[in-house]
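Observations on the three-dimensional arrangement
Below are the chains, spelled out letter by letter.
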Amino acid sequence: MLEDITGTLKKKSLDGIFNEIIHSESLGISNNEELRLFYLKMRGKKFYTDDLQTALYRNIGRYVFSRAALEDFHINDNDDSIVSQALKIMTDNGVADSKGTGNELGEMLVYALLEEKLGARKLMSRVEISNNPLSTDSECESIHLLSLESPNGKLSYEMVFGASNIVGDIKDAIDNAFDEIEHIEQRGNKEIKMIEKTALNGFYRQNEIDFIKSHIIPEPGKSGNYEIAYGVFLGYTLGIDPTGLSNDDYKNKVNKRLELDIKKHAAYIANKIQSKGLDGHSFYFYILPFDDAENDKKAIMEHIMKGDVIL
């Protein structure tokens, strides 16, 4: 994993919150890939979201602020103000569940999953992007840097652009996420220039600054030392009727349905990548079902932005 840039998410923030469906499906693309399907704990035949709300709230300052900004809080003995100031920025950006502001659940989850599950270090979150004067029309939901080590020990790097969509039907979520990715592709050079011109502002440790200068900020006449990849979070409504099922029967039915969902949609995702000419990139997919995707995502973000979570 990348040692030259520190992670921002609290360690093991998502451990114990998500269960993972183990499967053998793959995208079969030319470059690196992940296709992972998670689900939350279930209580009373419903997905239990309180732990997820708590985990995201505990990382709210790390999500909103750069490493340099957090260090400035620390130097000025203002650590106790980080959460309240982060929530103020989010509230100023817009209401809960407002896409493009950083206040939407998918925007937070793609950041958290890319950091913890993929090991790709945050460069900018959606909140930071939305407040960046160079990011006009950007649809990136987070920007990360991933290190990859080949069998001979050689390191290479990927700039991972985040995209997400949470909607009732999983196929709609896939389609909407790829619409977003296409928009990012069309703006590719502008996104890269934004990062090259502003990335250093987010760091304060000298080793991190040196690393950014070496790998992201190009020398005159050269380009940065990385490939472009996409990290995608998809949320959807599971849609199982619990009527007449015991809790255990419902859990078993959920597991079977999830195994079917990943098998059914892996080929659909792979076809999207190929048909849209995106096979030159690595893709990392993280998928999570909800009881009611549209309502749940809004309720979760409202709780987080009000600080109405269990600590």
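Relevant structure appears above.
Being a predicted model, the structure only gives us computed values, none of them experimental.

How each quantity is defined
- Residues numbered from 1 in each chain as written.
- Predicted model: local features only at pLDDT ≥ 70, side-chain atom pairs only at ≥ 80, totals over all residues.
- Heavy atoms only, no water.
- Phe/Tyr/Trp six-rings, centres within 6.5 Å; stacked < 30°, edge-to-face > 60°.
- Helix = DSSP H or I, 4+ residues; strand = E, 2+ residues; numbered from the N terminus.
- Buried < 20%, exposed > 50% of the residue type's maximum accessible area, 1.4 Å probe, protein only.
- Lys NZ or Arg CZ within 6 Å of the ring centre and 35° of its normal.
- Pairing = 2+ DSSP bridges.
- Core = buried A, V, L, I, M, F, W, Y, C linked by side-chain atoms within 4.5 Å.
- Contact = heavy atoms within 4.5 Å.
- Expected span 1.5 Å × (residues − 1).
- Bend = angle between axes of the 7 residues up to and from the residue.
- Lys, Arg positive; Asp, Glu negative; His and termini not counted.
- Salt bridge = Lys/Arg side-chain N within 4 Å of Asp/Glu carboxyl O.
- Polar contact = N/O pair within 3.5 Å; in protein donor to acceptor, adjacent residues only side chain to side chain.

Some details on the packing of aromatic side chains
Across all of its chains, the model carries 9 aromatic pairs by this definition. With centroids separated by 5.5 Å and ring planes inclined at 40°, the aromatic side chains of Phe18 and Phe38 adopt a geometry described as tilted. Of this pair, Phe18 sits in strand β1 (residues 18-21) while Phe38 sits in strand β2 (residues 33-40), and the two are 20 residues apart along the sequence. Accessibility assignment for this pair places Phe18 and Phe38 in one class, buried. Members of the aromatic cluster, each reached through a chain of ring pairs, are Phe161, Phe178, Tyr230, Phe283 and Phe285. The residue whose ring lies beneath Arg43 is Tyr48, and the NZ or CZ to ring-centre distance is 4.0 Å. Of note, Lys171 hangs over the ring of Tyr268, and the distance from its end group to the ring centre comes to 4.8 Å.

Observations concerning the pairing of strand β7 (residues 155-166)
Along β7, 10 of the 12 residues are buried, which leaves the element largely enclosed by surrounding structure. Summarising the sheet, β7 and strand β8 (residues 227-237) pair through 9 bridges and their orientation is parallel. Its bridge partner being in β8, Asn165 is matched across the sheet by Leu234.

Some thoughts on unusual backbone geometry
Backbone geometry places Asp77, a non-glycine residue, at a positive phi of 55°. With respect to the secondary-structure elements, Asp77 resides in the loop between α3 (67-75) and α4 (82-93). The class for Asp77 is exposed, based on a relative accessible area of 69%. Although it is not a glycine, Asp97 adopts a positive phi angle of roughly 75°. Within the secondary structure layout, Asp97 lies in the loop between α4 and α5 (105-118). Exposure remark for Asp97: the relative accessible area of 22% places this residue in the partly exposed category.

Notes on the nonpolar core
With 102 residues, the main nonpolar core has Phe18, Leu123, Phe161, Phe283 and Phe285 as its most contacted residues. Of all the elements, α5 adds the most residues to this core, at 9 residues. In contact with Phe285, other than residues within four places in its own chain, are Leu27, Glu34, Leu35, Arg36, Phe178, Val232, Leu234, Ile269 and Ile273.

Details of helix α10 (residues 247-275)
When the terminal C-alpha atoms of α10 are compared, their 42 Å separation across 29 residues agrees well with the 42 Å that a helix rising 1.5 Å per residue should span. For α10, the principal kink sits at His265 and spans about 30°. Where α10 is concerned, the buried positions are Tyr250, Val254, Leu258, Asp261, Ile262, His265, Ala266, Ile269, Ala270, Lys272 and Ile273. Just downstream of α10, Gly277 is the residue with a positive phi angle, here 70°.

Here's the deal with the side chain of Arg126
Looking at the secondary structure, you find Arg126 in helix α6 (residues 126-130). Summary of buried charges: Arg126 has no salt-bridge partner, and the nearest side chain of opposite charge, Glu107, is 4.8 Å away. Of note is the side chain of Arg126, whose polar atom sits 2.8 Å from the backbone oxygen of Cys140. Setting aside residues up to four positions removed in sequence, Arg126 forms contacts with Tyr63, Gly100, Thr101, Gly102, Glu107, Ser138, Glu139, Cys140, Glu141 and Ser142.

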